[in-house]
Amino acid sequence: MKKLLAMVLALVMTLSLAVSANAFKDDKSISDDYAESVAVLNGMGVFKGYEDGFFKPGNNIARAEVATIIYRIYTGDVAKNDKSGLYSTYNKFSDMTGAGWAAGYIGYCANAELVKGYPDGTFKPSGKVTGYEVLAMILRAVGYDKNNEFSGADWALHVAQTAQQAKILANVKGGSYAYCDADGNYYRSGFGLNY
């Protein structure tokens, strides 16, 4: 199970958050480079899209969305229903009142210590996510950071070193894990890595 989880989480990190053919109303805007990989993740039920039937691959991906992806892969719970009521009482962050549909997913991940907030006690669910933050979530989901080595001033360095040693980045080509583009935007179609 752990190997499968690691593989799937690595796919999520290194592949596009696009959609497979005919899954969403805007699937024609998805690059063909990611079709096969995305079809697997879409087939697993990890991606749900928006209520209006669109996926919006050009949109920034938020911290709440990444926590939701981590939840679905980690638990295997890919049901369409939201978890806002189920795990929302688990939340450890001061800014969860506006998290809506994502509150339960974030709550579960926070309780399982798969996600951590900021030093000020917030999670910033609609905030931009960095590649290092995504890597930290993935690594925690596969069993790393048991001793809080992804904390403190050098947390990003420890995340990068651990990811390299675990070979999670083996198929990721160069670039920075800090942001997807020069403006610091993460897009659903690129999921935060420069390749």
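**Student:** Is there a simple way to think about helix α6 (residues 155–165) in this case?
**Tutor:** Since one α-helical turn is 3.6 residues long, residues separated by three or four positions face the same way. Taken residue by residue, α6 has Val-159, Ala-160, Thr-162 and Ala-163 as its buried positions. Mapping the buried residues of α6 onto a view down its axis gives an arc of 165°, with all of them on the same face. Contacts from the buried residues of α6 go to α5 (131–141). A positive phi of about 60° marks Lys-167, the residue just after α6.

**Student:** Looking at this structure, I do not really get the nonpolar core. What am I missing?
**Tutor:** Generally speaking, a soluble globular protein has its nonpolar side chains buried in company with each other. Counting 39 residues, the largest nonpolar core has Val-66, Ile-70, Phe-93, Met-96, Ile-106, Val-115 and Phe-123 as the members making the most contacts within it. Of all the elements in the fold, those that place two or more residues in this core are α3 (63–75), α4 (103–111), α5 and α6. Dropping the residues within four chain positions of it, Phe-123 is found in contact with Arg-63, Ala-64, Ala-67, Phe-93, Asp-95, Met-96, Ile-106, Val-115, Lys-116, Gly-117 and Tyr-118.

**Student:** Help me understand the pattern of salt bridges in this model?
**Tutor:** Side-chain pairs of opposite charge can arise whenever the charged atoms involved come near each other. Under the defined criterion, the tally for this structure stands at 2 salt bridges. One salt bridge connects Glu-133 with Arg-63, and the closest N-O pair in it is separated by 3.2 Å. In this pair, Glu-133 sits in helix α5 while Arg-63 sits in helix α3, placing the two residues 70 residues apart along the sequence. Take Glu-133 and Arg-63: they sit in the same class, and that class is buried. Notably, a salt bridge pairs Arg-140 with Asp-145, separated by 2.7 Å at the nearest N-O pair. The burial state of Arg-140 is the same as that of Asp-145; both residues are buried.

About the thresholds
Throughout this description, residue numbers start from 1 for each chain and increase along the sequence as written. Given that this is a predicted model, residues contribute local features only at a pLDDT of at least 70 and side-chain atom pairs are listed and counted only at 80 or more, while totals for whole chains, interfaces and linings are drawn from all residues. With hydrogens and water set aside, each side-chain value is computed from the structure's full complement of heavy atoms. Buried means the residue's accessible area, taken with a 1.4 Å probe over protein chains only, is under 20% of the maximum for its type, while exposed means over 50%, and partly exposed covers the values in between. Under the scheme used here, helices are H or I runs from DSSP no shorter than 4 residues and strands are E runs no shorter than 2 residues, and both carry numbers assigned from the N terminus. Here the arc refers to the set of directions running from the helix axis out to each C-beta atom. Pairs of residues are marked as contacts when any of their non-hydrogen atoms sit within 4.5 Å. Among the buried residues, those of types Ala, Val, Leu, Ile, Met, Phe, Trp, Tyr and Cys that are joined through side-chain atoms within 4.5 Å form a nonpolar core. A side-chain nitrogen of Lys or Arg and a carboxyl oxygen of Asp or Glu constitute a salt bridge if their distance falls within 4 Å.

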